[in-house]
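# Structure assessment
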Amino acid sequence: MSTFTPCKGQTDCRDDGITCLTCGRSLAEVEQARNMIDSLAEFVIAQGYDNVGEFAAYVADKVEKKVRYRRETKIQLDD
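Report on the accompanying structure. Keep in mind the model is a prediction, meaning the values are calculated, not measured.

## A short note on the pattern of salt bridges
- Applying the stated criterion across every chain yields a total of 3 salt bridges.
- With its nearest N and O atoms 3.9 Å apart, the salt bridge here joins glutamate 29 to arginine 25.
- By relative accessible area, glutamate 29 is classed as partly exposed at 36%.
- With relative accessibility at 8%, the residue arginine 25 sits in the buried group.
- Across the salt bridge formed by glutamate 64 and arginine 68, the nearest N and O atoms sit 3.5 Å from each other. Of this pair, glutamate 64 and arginine 68 both sit in helix α2 (residues 52–78), 4 residues apart, which is roughly one turn of the helix.

## Some words on helix α1 (residues 27–47)
- The terminal C-alpha atoms of α1, which comprises 21 residues, lie 30 Å apart, in line with the 30 Å expected from a rise of 1.5 Å per residue.
- Glycine 48 sits one or two residues past α1 and shows a positive phi near 75°.

Calculation notes
Residues numbered from 1 in each chain as written. Predicted model: local features only at pLDDT ≥ 70, side-chain atom pairs only at ≥ 80, totals over all residues. Heavy atoms only, no water. Salt bridge = Lys/Arg side-chain N within 4 Å of Asp/Glu carboxyl O. Buried < 20%, exposed > 50% of the residue type's maximum accessible area, 1.4 Å probe, protein only. Helix = DSSP H or I, 4+ residues; strand = E, 2+ residues; numbered from the N terminus. Expected span 1.5 Å × (residues − 1).

Okay, here's the thing in structure tokens:
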């Protein structure tokens, strides 16, 4: 497994055409994450939510639980 390193922002981003030299993630990974975040932002706007922080916390909690569940399930299947 690897450790996630958050972006420092586009102004700090330097790359070699394949990898961000600041956070160490591949540019494809950075783009995929940006696209997912953009989709979530568009969803919030379309729904007209004014409690964005609560929605973001809900999504973060659900992602964490889903990853934990899938990892535990995979370990049990591998045994």
